[in-house]
Amino acid sequence: MKEQPYLPILVVVAGLALLPLGLSSNTVLNFLSFAMIITLAAQGWNILGGYGGQFSFGHAVFFGTGAYGMALLQVRFGVNPWLALPLAMGLGAVVGFAIGYLSFRARLRGSYFALVTLAFAEVFRISANAWGFTGGAAGVLVPLRLDPANMQFADKRIGFWLALGFVAAVLALTLAITRSRFGAQLVAVRENEEAARALGVDALAVKLKAITLSGAITAAAGCLYTQKFLYLDASLAYGPWISVEALLAPIIGGVGTVFGPLVGAIVLLGLGEVTKIVFANLMGGSVPGVDLVVFGILLIICVAYAPRGVLGLVQGWFRRKAPA
Amino acid sequence: MSALLAVNAVTKRFGGLVAVDNASIEVAQGSITGLIGPNGAGKTTLFTVIAGFEPATSGSVAFEGRDITALPTHQRASAGIARTFQIVQPFAGLSVRENIAVGAFLRHPARANALAKADAIGHQVGLGAMLDQSASQLTVAGRKRLELARALATEPKLLLLDEVLAGLNPSEIRDMMPVVQAIRAGGVAILIVEHVMQAVMSLCDSVYVLAQGRIIAAGAPGEVARDPRVIEAYLGHGAAARMQAQAAGDAHA
């Protein structure tokens, strides 16, 4: 039988695409759309952090650049959103390359790299909050004009399918990377940079490629966020919340795996929603931030007991069931 | 014909410490050249300079007649210089096949070709049965073979082997020697740092002796081993004279 490496992606995406047909609840659709956006951001993180081993604490910088790029291109320059989206992704890529060039050329690794990315995200957040062009503290509002030509959909399902389409493309891209020379070199750099260089791997070029791609993908998540909520301010676009979710989802799902960010995003957001509902009922009112407590506990559990995430647990379980 | 590798008067200083002092060596095409010397003589430092991991403080390195002193490591690998590490550096999270494939990807951009090459190299160095294992599960001997396999997979013209026999037991060393000889037979020149003298004597065509950063002797392995300066470098000042006196005394008695 011929190897069909892309079949699992097709099955999972088809399954997700069919979900909204049976459901019409707005809450569920909103949840699914948001989960796809987080998956996309997390998949961007996963390429750099999961495969490349360069842990970023500041992926908000790419998400926010995509989100602001998408909003400002429309509001300030009147660009059509279908054109603004690839342009904003390009901006994300440029920011990725610039941050990568500055930090990787200075040989920053590990926690130093993480701190620098965090600092960049904060600089961008504070600047966006202060600058008139980005709307300052009041933020940017994208005018509501429900029209597919305007990438705003009256039917929420179409918004979900659009986001799912991006997720599908990025899943396929990630799998293609893992099967390519670039993927092998990226993982080699993660495992042991010195040894990789001795084998002819240009470590700097590989890391730059990874962070550029990572920036573009996470920026795409920001673009979709803008089109979904039509409102942005600095702490939504560049806030630490998205940096945290972009890195938690892959870690919970399975870091450095194709499906890890998707599984992680659904588990993470699902548990967050359940917690909010449970606490709202217990306390007789919503408790803001209680889902973050759950995220923290999840992270501790994952690091201590499931370093390879949910997918790692499932794999281990299957192996014990059917010893090869 | 000029030498494949020519190291000209290389000096490497770390702060006040002179690790390599004005060392010149040559490796001829298709030869096995040994680099020996007591611990701390600067052998590994010289290796890192040749492979481009550390810049030389002064002096130059030429490969195939081309000056490569300023070339970064990965470009030296493309040019045809591969090294192994004294302290093995496997990609622990990857399988043996994936480890070797990283090297193979250098000359084979297509995945299928790189994996086929990795399989072939794996079998050549005796890792054929372990290709699907995780590199972290290998024994010390297995890891040494993996170092060799990865370097070989880059299809080098010159292989720098840094103590690939250290830490192996005598039977593992006996298994490894034919592997090294087969690599040379395949047309790859080898520069080898080694403490296992039996291996140096039987493998090498010529040997350089490094002591306190300086090349103190060079020549055929047999000659070098009898050189009084070499014996003193290993056993201390006056050792050669004492040994001669002792030998003479034994002859009289």
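Predicted model, so just to flag it, every value in this text is computed and none were measured.

Thoughts on the overall build of chain A
Then, in step 1: Counting secondary structure elements, chain A contains 14 helices and 2 strands.
Then, in step 2: Here the C-alpha atoms of chain A give a radius of gyration of 20 Å, agreeing with the 20 Å that 2.2 N^0.38 yields for 324 residues.
Then, in step 3: On the principal axes, the C-alpha backbone points of chain A span a range of 55 × 45 × 45 Å.
Then, in step 4: Across the 324 residues in chain A, those meeting the buried criterion constitute 48%.

Some remarks on the overall build of chain B
Then, in step 1: Counting its regular elements, chain B contains 10 helices and 10 strands.
Then, in step 2: For a compact globule of 253 residues, the expected C-alpha radius of gyration is about 18 Å, and chain B comes in at 19 Å, within 12% of that figure.
Then, in step 3: Along the first, second and third principal axes, the C-alpha atoms of chain B reach 70 × 40 × 35 Å.
Then, in step 4: Across the 253 residues in chain B, those meeting the buried criterion constitute 44%.
Then, in step 5: Residue pairs in contact within chain B that sit at least 24 positions apart in sequence constitute 63% of those at least 6 positions apart.

Some details on the packing of helix α1 (residues 7–22) of chain A against helix α6 (residues 156–178) of chain A
Residues and elements named next belong to chain A.
Then, in step 1: Two elements in contact, α1 and α6, have axes whose closest approach is 10 Å; the angle formed by their N-to-C orientations is 170°. On the basis of their axis angle, the class for α1 and α6 is roughly antiparallel. Where α1 abuts α6, its residues I9, V13, L16, A17 and P20 lie against R157, F160, W161, L164, A168, L171, A172 and L175.
Then, in step 2: Taken together, the residues of the contact of α1 with α6 sort by class into 12 nonpolar, no polar and 1 charged.

Observations regarding the pairing of strand β7 (residues 158–162) of chain B
Residues and elements named next belong to chain B.
Then, in step 1: The element β7 is extensively covered by neighbouring structure, given that 5 of its 5 residues are classed as buried.
Then, in step 2: Along β7, one buried face is formed by L158, L160 and D162 and the opposite face, lined by L159 and L161, is buried too.
Then, in step 3: In the sheet, strand β6 (residues 81–83) pairs with β7 via 3 bridges, with the strands oriented parallel. Across the sheet, residue I81 finds its bridge partner in β7, namely L158.
Then, in step 4: Note: β7 against strand β8 (residues 189–193), 5 bridges, orientation parallel. In the sheet register, L160 faces β8, and the bridge partner there is L191.
Then, in step 5: As for the winding sense of the linkage, the β-α-β connection from β7 through helix α6 (residues 170–185) to β8 is right-handed.

Quick notes on the confidence of the model for chain B
Then, in step 1: In this model, chain B carries a mean pLDDT of 89, and residues with pLDDT of at least 70 account for 98%.
Then, in step 2: Looking at the elements of chain B, mean pLDDT is at its lowest for helix α10 (residues 239–252) of chain B, recorded as 74, and at its highest for helix α3 (residues 96–104) of chain B, recorded as 94.

Some details on the sheet that holds strand β3 (residues 32–36) of chain B
Residues and elements named next belong to chain B.
Then, in step 1: Across the sheet, which stays open at both edges, the 6 strands sit in the order β6-β7-β8-β3-β9-β10 with mixed pairing between neighbours. Two strands close off the open sheet at either side, each with one partner strand: β6 and β10 (214–219). The sheet shows a mean angle of 20° between the axes of neighbouring strands, direction not considered.
Then, in step 2: Pairing geometry for β3 and strand β9 (residues 206–211), over 4 bridges, is parallel. From the neighbouring strand, I36 faces β9, where its bridge partner is V209.

Here we look at the interface of chain A and chain B
Then, in step 1: In this complex, chain A contributes 18 residues to the contact, which on the side of chain B involves 21 residues.
Then, in step 2: Of all the secondary-structure elements, those providing two or more residues to the side of chain A that touches chain B are α7 (181–191) and α8 (193–198) of chain A.
Then, in step 3: Here the side of chain A that touches chain B takes 6 residues from α7(A), the largest share from any one element.
Then, in step 4: Here the side of chain A that touches chain B is composed, by residue class, of 8 nonpolar, 4 polar and 6 charged.

As for helix α4 (residues 81–105) of chain A
Then, in step 1: Here α4(A) contains 25 residues, and its C-alpha end-to-end distance of 35 Å stays within 8% of the 36 Å for a straight helix at 1.5 Å per residue.
Then, in step 2: Two residues or fewer after α4(A) comes R107(A), characterised by a positive phi angle close to 60°.

Quick look at the nonpolar core
Then, in step 1: Residues L40(A), A41(A), A220(A), L160(B), I190(B) and V209(B) are the most contacted members of the largest nonpolar core, which totals 171 residues.
Then, in step 2: Counting residues per element, this core draws most heavily on helix α9 (residues 203–229) of chain A, which supplies 13 residues.
Then, in step 3: Leaving out residues up to four positions away in the same chain, A41(A) has contacts with H59(A), F63(A), T218(A), A221(A), I242(A), E245(A) and A246(A).

Focus: the environment of P90(B)
Residue and element names in this part refer to chain B.
Then, in step 1: Tracing the backbone through its elements, the reader meets P90 in the loop between β6 and α3.
Then, in step 2: On the basis of neighbour counts, which here come to 21 C-beta atoms within 10 Å, the residue P90 falls in the buried class.
Then, in step 3: Residues within four places of P90 in sequence aside, it is in contact with N99, A135, R143 and L146.

Focus on the pairing of β10(B)
Residues and elements named next belong to chain B.
Then, in step 1: Here 5 bridges tie β9 to β10, and the two strands are oriented antiparallel to one another. Bridge pairing in β10 places V209 opposite A217.
Then, in step 2: What sits between β9 and β10 in their antiparallel hairpin is a turn of 2 residues, with Q212 showing a positive phi close to 50°.

Regarding helix α12 (residues 260–283) of chain A
Residue and element names in this part refer to chain A.
Then, in step 1: The end-to-end C-alpha distance of α12 is 34 Å, a good match for the 34 Å that 24 residues give at a rise of 1.5 Å each.
Then, in step 2: Buried-residue contacts for α12 involve α2 (26–51), α6, α11 (240–253), α13 (290–305) and α14 (309–321).
Then, in step 3: Positive backbone phi, approximately 75°, marks G284, located one or two places after α12.

Some details on the sheet that holds strand β1 (residues 5–14) of chain B
Within a beta sheet, neighbouring strands are joined by backbone hydrogen bonds and run either parallel or antiparallel to one another.
Residues and elements named next belong to chain B.
Then, in step 1: Spatial ordering of the open sheet is given by β2-β1-β4-β5, a layout of 4 strands whose pairing is antiparallel. Among the strands making up the open sheet, the edge pair consists of β2 (17–27) and β5 (66–67).
Then, in step 2: The sheet contact formed by strand β4 (residues 58–63) and β5 spans 2 bridges and is antiparallel. Each residue of the ladder has a partner; that of F63, found in β5, is R66.

Topic: the confidence of the model for chain A
Then, in step 1: Scored by pLDDT, chain A has a mean of 90; 98% of the residues are at 70 or more.
Then, in step 2: Ranking the helices and strands of chain A by mean pLDDT puts α9(A) first, with 96, and α14(A) last, with 82.

Examining the packing of helix α3 (residues 60–75) of chain A against α4(A)
Residues and elements named next belong to chain A.
Then, in step 1: For the pair α3 and α4, interaxial distance at closest approach is 8 Å and the crossing angle is 145°. Between α3 and α4 lies a crossing of right-handed hand. Side by side, α3 and α4 meet where V61, F62, T65, G66, G69, M70, L73 and Q74 of the first sit next to P81, A84, L85, L87, A88, M89, L91, G92, V95, G96 and I99 of the second.
Then, in step 2: When grouped by side-chain class, the residues that make up the contact of α3 with α4 number 13 nonpolar, 6 polar and no charged.

Considerations on the environment of G213(B)
Residue and element names in this part refer to chain B.
Then, in step 1: In this structure, G213 sits in the loop between β9 and β10.
Then, in step 2: Residue G213 is classed as buried on the basis of its C-beta count, with 23 C-beta atoms lying within 10 Å.
Then, in step 3: A C-alpha to C-alpha distance of 7.9 Å links G213 and K43, two positions 170 residues apart in sequence.
Then, in step 4: For G213, the residues in contact, after removing those within four places along its chain, are V18, A19, V20, D21, A41 and G42.

Rules used in this analysis
Residues numbered from 1 in each chain as written. Chains lettered and ligands numbered in written order. Predicted model: local features only at pLDDT ≥ 70, side-chain atom pairs only at ≥ 80, totals over all residues. Helix = DSSP H or I, 4+ residues; strand = E, 2+ residues; numbered from the N terminus. Rg over C-alpha atoms; globule rule 2.2 N^0.38 Å. Buried ≥ 20, exposed ≤ 12 C-beta atoms within 10 Å, placed from the backbone. Contact = placed C-beta atoms within 7 Å. Axes fitted to C-alpha atoms, helices over the stretch in contact; angles between N-to-C directions. Parallel < 35°, antiparallel > 145°, perpendicular 65-115°, else oblique. Nonpolar A, V, L, I, M, F, W, Y, C, P; charged D, E, K, R; others polar. Pairing = 2+ DSSP bridges. Right-handed = clockwise from strand over helix to strand, strands pointing away. pLDDT = per-residue confidence, 0-100. Expected span 1.5 Å × (residues − 1). Core = buried A, V, L, I, M, F, W, Y, C linked by C-beta atoms within 7 Å. Left-handed = near helix turned anticlockwise from the far one by under 90°.

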